[in-house]
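# Report on the structure
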Amino acid sequence: MNMFHVRRTALPLLLLAAPLAALAAGLALPPLQDPVAEYTRRAAQPAPIICDTSQSLLLPVALSDTERPETSYDAATGRLQIFFHMEFNDLTEGWNWHPEEVAAGRDYYTYKYLPLGSTQEDHGSYPVDELSGEHLDYPVQWRYDYFFTFDNPYAFYPRKTDDATGFTASVAVGAADAARLASGDLRMAVRVRLRADCLTDSNTFFKGMPSQPRDFLLKKRYLIGTLEEVFFYDQATSKVLVKLAAH
């Protein structure tokens, strides 16, 4: 797919409704904090002091080939349009189910999420004798997925029920820089404020079987709070391209 082509035609219309960005373009990105370290440090503290609601954190959003901003470049105006989809980023843990809200025209899932990264641990293996007589060693793997989850998404974009929901921005850049950013240098970070009970987690265990010969434990760890600002920045220069503030 052409890096300057957006697969959804709604992006130009969404930009008309986007909140005004703060005048942050060209400024150096403030230091980012490590989400894994922030979660781990708080989880190790006594309950009354785990979450400091007086401080904000600046966290990098973990991007991937399937979850990254879409871009479209307008050569006539020299502007790069950016759109990060959020329509599928509903937190589906049981504590976030709110069927009673639907009748009132609100969301079933109140909290949305942004990915913050993953780590993996190997915990050895154990022998298994299959019914076929084959002897196998099943490895034991743990993966930790980290997220920031928040309940104020509509302070940044309109509530919609289609595939055109998310963060939008427009920045002035040259064609060469636009191509470079679209190829991977466009990055995203968020400034957040944790709530008083800012940590939660869930575990899902997948027992090994012949078709999937490993034991796999998925641990999801959540930092919970309020989204204050969204940054799109240039990874190569560490300069802010645009900052979106809650409105």
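To be clear, the structure that these remarks concern was listed above.
Residues numbered from 1 in each chain as written. Predicted model: local features only at pLDDT ≥ 70, side-chain atom pairs only at ≥ 80, totals over all residues. Heavy atoms only, no water.

Applying the stated rule across the entire model yields 1 disulfide. Each disulfide pairs two cysteine sulfurs, and for Cys-51 the partner residue is Cys-198, the sulfurs being separated by 2.0 Å. Linking Cys-51 and Cys-198, the disulfide has an S-S dihedral of approximately -85° and is accordingly described as left-handed. Linking Cys-51 in the loop between helix 2 (35-43) and strand 2 (56-60) with Cys-198 in strand 8 (residues 186-206), this pair joins segments that are 147 residues apart in sequence. For the pair Cys-51 and Cys-198, one class covers both residues: buried. (Disulfide = S-S within 2.5 Å. Helix = DSSP H or I, 4+ residues; strand = E, 2+ residues; numbered from the N terminus. Buried < 20%, exposed > 50% of the residue type's maximum accessible area, 1.4 Å probe, protein only.)

On to the sheet that holds strand 4 (residues 79-85). Read across the sheet, 3 strands follow the order 3-4-7 without closing on themselves; strand pairing throughout is antiparallel. Each edge of the open sheet is held by one strand with a lone partner, namely strand 3 (70-74) and strand 7 (166-172). Going across the sheet, the axis of each strand differs from the next one's by a mean of 15°, ignoring polarity. Pairing between strand 3 and strand 4: 5 bridges, direction antiparallel. When the bridges of strand 4 are listed, Thr-71 appears paired with Ile-82. (Pairing = 2+ DSSP bridges. Axes fitted to C-alpha atoms, helices over the stretch in contact; angles between N-to-C directions.)

Remark: a regular strand shows side chains that alternate across the two faces of the sheet. In terms of strand pairing, strand 5 (residues 112-129) meets strand 6 (residues 135-150) through 15 bridges, oriented antiparallel. Counterpart to Ser-125 in the pairing with strand 6 is Pro-139. Bridge count for strand 6 against strand 9 (residues 215-234) is 11 bridges, and the pairing is parallel. Opposite Trp-142, over in strand 9, you have Leu-217 as the bridge partner.

Here we take up the packing of aromatic side chains. Counted according to the given criterion, the structure contains 11 aromatic pairs. Seen in terms of ring centroids, Tyr-39 and Tyr-146 are 5.8 Å apart; in terms of plane orientation they differ by 75°. Their pairing is edge-to-face. Of this pair, Tyr-39 sits in helix 2 while Tyr-146 sits in strand 6, placing them 107 residues apart in sequence. On the accessibility criterion, Tyr-39 (5% relative accessible area) is buried. (Phe/Tyr/Trp six-rings, centres within 6.5 Å; stacked < 30°, edge-to-face > 60°.)

As a further point, take the environment of Ile-49. By the element assignment, Ile-49 lies in the loop between helix 2 and strand 2. In sequence terms Ile-49 and Asp-197 are 148 residues apart; their C-alpha atoms lie 9.9 Å from each other.

The next thing to look at is the nonpolar core. Counting residues in hydrophobic clusters, the biggest one holds 40 residues, and the most contacted among them are Leu-114, Phe-167, Leu-227, Val-230 and Phe-232. In terms of residues, this core owes the most to one element, strand 8, which gives 6 residues. (Core = buried A, V, L, I, M, F, W, Y, C linked by side-chain atoms within 4.5 Å.)

Taken together, the side chains of Trp-97, Val-102 and Tyr-108 make up a nonpolar region of the molecular surface, amounting to roughly 290 Å² of accessible area. Within the element layout of this structure, Tyr-108 appears in the loop between helix 3 (99-102) and strand 5. Judged by relative accessible area, which is 32%, Tyr-108 ranks as partly exposed. (Patch = residues over 30% accessible without salt bridge, like charges linked within 9 Å, V, L, I, M, F, W, Y side chains within 5 Å. Areas by Shrake-Rupley, 256 points an atom, 1.4 Å probe, with all protein chains shown as cover. Salt bridge = Lys/Arg side-chain N within 4 Å of Asp/Glu carboxyl O.)

The buried count for strand 7 comes to 5 of 7 residues, which makes it a mostly enclosed element. Bridging between strand 4 and strand 7 involves 7 bridges; their strand directions are antiparallel. Within strand 7, the residue paired with Phe-84 across the bridge is Phe-167.

Mapped onto the secondary structure, Val-140 falls in strand 6. The sequence separation of Val-140 and Arg-214 amounts to 74 residues, and the corresponding C-alpha distance is 5.9 Å. Among residues more than four places away in sequence, those in contact with Val-140 are Glu-121, Asp-122, His-123, Gly-124, Ser-125, Tyr-126 and Asp-215. (Contact = heavy atoms within 4.5 Å.)

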